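These are the residues of each chain, in order.
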Amino acid sequence: MEGLEINIPEIETQGSVATMQLPDIDLFDYWNLLSNRILTIDGEIGDWDYHIVKSIININIADRSENPKPIIILVNSPGGLLNVTNSIIDAIQMSRIPVYTVNMGEALSGGCLIFLAGEKRFTTRRSWCMCHAGSGGLSGNYNETKEQSKVWDYQVKVMGEYIVERTGLDTKTYNKYKNKDWWINADQQIEFGFATKMIQSINEIIGGAE
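### Section: the nonpolar core
Right, so step 1: Counting residues in hydrophobic clusters, the biggest one holds 38 residues, and the most contacted among them are Ile73, Ile163 and Phe194.
Right, so step 2: Excluding anything up to four places from it in sequence, Ile163 contacts Leu113, Leu116, Cys131, Gly168, Leu169, Tyr174 and Phe194.
Right, so step 3: Of all hydrophobic cores here, the second largest spans eight residues; its members include Ile72, Leu74, Val102 and Ile205.

### Description of the environment of Tyr100
Right, so step 1: Tracing the backbone through its elements, the reader meets Tyr100 in strand E3 (residues 99-108).
Right, so step 2: Separated by 30 residues in sequence, Tyr100 and Pro70 place their C-alpha atoms 6.9 Å apart.

### Considering the side chain of Ser127
Right, so step 1: Mapped onto the secondary structure, Ser127 falls in the loop between strand E4 (120-123) and strand E5 (128-131).
Right, so step 2: Separated by 2.4 Å, the side chains of Ser127 and Thr123 make a polar contact.
Right, so step 3: Contacts of Ser127, omitting those with residues within four sequence positions, involve Asn103, Gly105, Ile184, Asn185, Ala186 and Gln189.

### Quick look at the pattern of salt bridges
Side-chain pairing between opposite charges can occur once the charged atoms of the two side chains come close.
Right, so step 1: Tallied over the entire structure, the rule returns four salt bridges.
Right, so step 2: Here Asp63 ties to Arg37 by a salt bridge, and the two come within 2.6 Å at their closest N and O atoms. Taken together, the positions of Asp63 in the loop between helix H2 (51-62) and strand E2 (71-77) and Arg37 in the loop between helix H1 (25-34) and strand E1 (38-42) put the pair 26 residues apart, joining distant regions of the chain. The exposure classification of Asp63 matches that of Arg37, with both residues buried.

Parameters and conventions
Residues numbered from 1 in each chain as written. Predicted model: local features only at pLDDT ≥ 70, side-chain atom pairs only at ≥ 80, totals over all residues. Heavy atoms only, no water. Core = buried A, V, L, I, M, F, W, Y, C linked by side-chain atoms within 4.5 Å. Buried < 20%, exposed > 50% of the residue type's maximum accessible area, 1.4 Å probe, protein only. Contact = heavy atoms within 4.5 Å. Helix = DSSP H or I, 4+ residues; strand = E, 2+ residues; numbered from the N terminus. Polar contact = N/O pair within 3.5 Å; in protein donor to acceptor, adjacent residues only side chain to side chain. Salt bridge = Lys/Arg side-chain N within 4 Å of Asp/Glu carboxyl O.

In structure tokens, the structure reads:
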């Protein structure tokens, strides 16, 4: 039998090096996780993280089934912009499709608030939460800073009510910690109602953390 001859065409690389490169690993991870309804908030919360809102809305548009697969949000964040944080919280709570959150390292400040928005909230053994009244500054003339102070007081009040509502904390316990950085380890997250379950296996995330 005559040998099988395979002709491999030459590939012209000049002027097309970009097409020969491997895909950006961050983009690859993003799209691969998104295809499994897993979103991530890693690092400081900024304008980029508004993509979480868009993704939640898009998944709701695409899936109108009666028993949809839940959306999972992995949180590992020190906090960040309050307006983006609040937008993500509202999107999570308005979603027809259940959204579960997972504390994958640290859920601090705004990261903690987003973590608390999940219908189910899972923590890993070595993760931490931290909640506080927030930080910021005022600028402008007397009347401007006076109005800004009113808004800040209102935001702190709403934030406190939200934390108490989501955790089930009694007001006395919350008032004890509200004026400082309150650090909460994994066991305490369960104790104080920040998390609903401590996960032991990655399969609990892949499988929708049932």
